[in-house]
Number of protein chains: 2
Amino acid sequence: MELAILGAGDVGRSVANLAGEYGHEVVALADSTSAAVDPDGIAVDAVLERKVSGEAIGTDDPEDVFETDYDVLVEVTPTTLGDAEPGFAHVKRALEADRHVVLANKGPVAERYEELRALEAESAGSIRFEATVGGAIPVLSTIEDCTPQAVTAVRGVLNGTANFILTRMAAEGLDYEHVLAEAQDLGVAEADPTFDVDGTDAALKFVILANVLGDGGFALEDATVTGIQDIPGSALDLAAEDGRTIRLIGEATRDGIRVGPRLVPENGALAVTGTRNIVQIETRNAGSLHSSGRGAGGPETATAVLSDVGRLPPL
Amino acid sequence: MELAILGAGDVGRSVANLAGEYGHEVVALADSTSAAVDPDGIAVDAVLERKVSGEAIGTDDPEDVFETDYDVLVEVTPTTLGDAEPGFAHVKRALEADRHVVLANKGPVAERYEELRALEAESAGSIRFEATVGGAIPVLSTIEDCTPQAVTAVRGVLNGTANFILTRMAAEGLDYEHVLAEAQDLGVAEADPTFDVDGTDAALKFVILANVLGDGGFALEDATVTGIQDIPGSALDLAAEDGRTIRLIGEATRDGIRVGPRLVPENGALAVTGTRNIVQIETRNAGSLHSSGRGAGGPETATAVLSDVGRLPPL
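For clarity, every value in this text was computed on a predicted model and none was experimentally measured. (Residues numbered from 1 in each chain as written. Chains lettered and ligands numbered in written order. Predicted model: local features only at pLDDT ≥ 70, side-chain atom pairs only at ≥ 80, totals over all residues. Heavy atoms only, no water.)

Novice: Describe in detail the overall build of chain A, supporting the description with residues and values.
Specialist: Along its length, chain A carries 13 helices and 12 strands. Rg of the C-alpha trace for chain A: 20 Å, near the compact-globule value of 20 Å for 315 residues, within the 12% margin. Dimensions of chain A, computed from the C-alpha atoms along their principal axes, are close to 60 × 45 × 35 Å. Counting over 315 residues, chain A shows a buried share of 60%. Intrachain contacts of chain A at a sequence separation of at least 6 include 68% that bridge at least 24 residues. Treating the 22 positive side-chain charges of chain A as one cloud and the 53 negative ones as another, the clouds have centres 6 Å apart. (Helix = DSSP H or I, 4+ residues; strand = E, 2+ residues; numbered from the N terminus. Rg over C-alpha atoms; globule rule 2.2 N^0.38 Å. Buried < 20%, exposed > 50% of the residue type's maximum accessible area, 1.4 Å probe, protein only. Contact = heavy atoms within 4.5 Å. Lys, Arg positive; Asp, Glu negative; His and termini not counted. Charge placed at Lys NZ, Arg CZ, Asp CG, Glu CD.)

Structure (structure tokens):
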């Protein structure tokens, strides 16, 4: 398939880098200020080098991406909340042009799910968004394959930054501020870590899951969310005396979404360590399926994007 | 899709039972002696009742299944080794008639993989076989989605009977014979448990995985296999003193297949308990993906079969 990639951060660049390995061609790559467009395929290595050294990606305008012939719009611009713009508009344009869309951008899928599905129904193109939930872990495709109606709940750890912080607090007996600083030094937490530590990032993912289970009906404002910023080190020490630890756990059912710190058995499935994520998919016919892996990262998330591309029907 | 099911054991009956839930119709169900065939869809409940009460499934002959109009042959007859017959012949007939085939029968896929793929290449139909590896756990579809070339190895616990026995030996300090009897009483081990306890069942699954990774080249005879029958209770006690336990672990790479008992950390990912299975898929771009769940059972395996049916292209 021919891919037009909107977004040249870690994920966008990794998608461009790995596309060839999956048998696809990149005909456009754009960030917010410039673009490289070539119907015969852009020179990926050269374009990525320019981006990484701070130069303009190319001589084209981001608008030019929509003028070009592509099969799949890969929407990997930063997640925005509320109206989920400009991501939503990008998706709308592609679907109205009867093209496919694959998203890593959580905004449109969490905040305006029913509108996306309505646009998809009118389009020859399809939308897929595995990369919005759990990075490399195949969550949405697993739910799709066993049919959403057969899934009763999805639970788990879907934010690696918060999980890393809690893992380190427990392991070293350090306090939150200290470990957050360590996480930022390592690049595990961003300079502004708010959405990771206050539970918003995890909540967006569980909202997406609830929308898939219930075929819409939820947005971020419907989620009950508590973050990890107020957990004292002593809480983890206390938990450890009882063979437990604390993790930021989320749950999505057809009734809603909750995210918050919870006590879990120290050696249990939910006590994943470091930046690892885990989902537990509860099914009616097949018991509980657990999947864990790397929930974030450029290449990791790119594999989810490219896995989606592989599952799109020909246009 | 219209399904013709060959095999009326636990899995075949569960596929017939759940097919409607997934939007499919059962036009034929056969065991080795009789069949129920109806192009408008068989009366599943009535047919299953007859099977379960020991009566003939229907008034048709198993041969009649191939005369009927169907989209997908569901091959869930008992696994046989070597020439993998009669399963292989069933698959061949369906592919030569340009029909799809979905297997839970491991024989043809483990023992005659390249021949299957050659038949598939000449057919309008496709073969899928998620249900041959890991029951309800999405193993092959995960490898397919991230592309086999990106997977370097698959490791894990893929036989629930052996895992149950080892879990119980460790938990209760009982010896192998005692726990095997308990497993048979519970229906977790069969009257003849040989293939489960000598590692053959697990080996077949890892042979299938190696064939997927390497696009053929392996059969059961290529696997290095050791079972659990000779493990004394004292070995587990010794392991426990060191924070370890013993599990029957298999590994498949492009170089081959090994199955045997191994020491693993007591609380590590590979130390799944009871009849649960786990696979660790090592990937080049996305680190290690772990998936665990119920590796066997009628409904569990049926969900894998029906998941495969859902991924077949229209004929």
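That was the structure; now back to the text.
Novice: Could you give an account of the relation of the copies chain A and chain B, with specific residues and numbers?
Specialist: Its rotation angle being 180°, the transformation that places chain A on chain B also includes 0.0 Å of axial translation and leaves an RMSD of 0.0 Å. Interpreted geometrically, this transformation is the action of a two-fold axis. Nearest to the rotation axis, the C-alpha of A:Ser291 is located 2.2 Å from it, this being the minimum over chain A. Interface overlap between copies: 100% of the residues of chain A at the interface are likewise at the interface in chain B, consistent with a symmetric, same-surface contact. (Least-squares fit on C-alpha atoms with pLDDT ≥ 70 in both.)

Novice: Explain the UniProt feature "domain: Homoserine dehydrogenase catalytic" (unreviewed entry) in chain A residue by residue, including any values.
Specialist: The sites that carry the UniProt feature "domain: Homoserine dehydrogenase catalytic" (unreviewed entry) are, in the present numbering, residues 138-309 of chain A. Across residues 138-309 of chain A one finds 41% helix and 26% strand; the C-alpha atoms that close the span lie 14 Å apart. (UniProt positions renumbered as here; feature names shortened; annotations may be inferred.)

Novice: Outline the pairing of strand β7 (residues 151-157) of chain A, supporting the account with residue identities and numerical values.
Specialist: Residue and element names in this part refer to chain A. A large share of β7 lies buried, amounting to six of its seven residues. Of the strand pairs in this sheet, β7 and strand β11 (residues 276-283) are connected by six bridges, and their pairing is antiparallel. Looking at the pairing, valine 154 lines up with isoleucine 281 of β11. Sheet analysis places β7 next to strand β9 (residues 244-253), joined by three bridges and oriented antiparallel. (Pairing = 2+ DSSP bridges.)

Novice: Could you give an account of the packing of helix α8 (residues 160-172) of chain B against helix α9 (residues 176-186) of chain B, with specific residues and numbers?
Specialist: All names here are of chain B. It is at 9 Å that the axes of α8 and α9 come closest, and there the two elements cross at 125°. Here α8 lies oblique to α9, going by the angle between them. Crossing handedness for the pair α8 and α9: right-handed. On α9, the residues touching Phe164, Ile165, Arg168 and Met169 of α8 are Tyr176, Val179, Leu180, Glu182, Ala183 and Leu186. The class makeup of the residues in the contact of α8 with α9 is eight nonpolar, no polar and two charged. (Axes fitted to C-alpha atoms, helices over the stretch in contact; angles between N-to-C directions. Parallel < 35°, antiparallel > 145°, perpendicular 65-115°, else oblique. Left-handed = near helix turned anticlockwise from the far one by under 90°. Nonpolar A, V, L, I, M, F, W, Y, C, P; charged D, E, K, R; others polar.)

Novice: So what about helix α2 (residues 44-52) of chain B? Which residues, and what values?
Specialist: Residues and elements named next belong to chain B. Taken together, the buried positions of α2 are occupied by Val44, Val47 and Leu48. Within α2, the buried residues cover an arc of 95° as seen down the axis, which keeps them to one side. Exposed and oriented more than 90 degrees from the buried face of α2 are Asp45 and Glu49. Residues of α2 that are buried in the fold lie against α1 (10-18), β2 (25-30) and β3 (35-37). Glycine 54, located one to two residues past α2, shows a positive phi value of around 85°. (Arc of directions from axis to C-beta.)

Novice: Tell me about the packing of α1(B) against α2(B), residues and numbers included.
Specialist: The angle between the axes and the distance between the axes are what describe a pair of packed helices. All names here are of chain B. Closest axis-to-axis distance for the α1/α2 pair is 10 Å, and the angle between their directions is 160°. In terms of orientation, α1 lies roughly antiparallel with respect to α2. Between α1 and α2 lies a crossing of left-handed hand. Residues Arg13, Ala16 and Asn17 of α1 touch α2, and the partners they reach there are Val44, Asp45, Leu48, Lys51 and Val52. Grouping the amino acids of the contact of α1 with α2 by side-chain chemistry returns four nonpolar, one polar and three charged.

Novice: An account of the UniProt feature "binding site: NADPH" (unreviewed entry) in chain A is needed here, citing residue identities and associated values.
Specialist: Residue and element names in this part refer to chain A. Sequence positions flagged by UniProt for "binding site: NADPH" (unreviewed entry) are, in local numbering, Lys106. Of note, lysine 106 is situated in helix α5 (residues 106-111). Not counting residues up to four positions away in its chain, the partners in contact with lysine 106 are Thr79, Thr132, Asp201, Leu204, Lys205 and Ile208.

Novice: I'd love a proper account of the domain arrangement of chain A, names of residues and values included.
Specialist: Residue and element names in this part refer to chain A. Taken domain by domain, chain A comprises domain 1 (2-136 + 298-311) and domain 2 (141-294). Relative placement of domain 1 and domain 2: their C-alpha centres are 26 Å apart. At the junction of the two partners, domain 1 supplies 18 residues and domain 2 supplies 22 residues. Overall, the association of domain 1 and domain 2 removes approximately 1600 Å² of surface from exposure, summing both partners, and the carbon and sulfur fraction of that is 58%. Ionic pairing is found between arginine 311 and aspartate 145, a salt bridge with its closest N-O pair at 2.7 Å. (Domains from an automatic or database assignment. Buried area = accessible area lost by both parts, 1.4 Å probe. Salt bridge = Lys/Arg side-chain N within 4 Å of Asp/Glu carboxyl O.)

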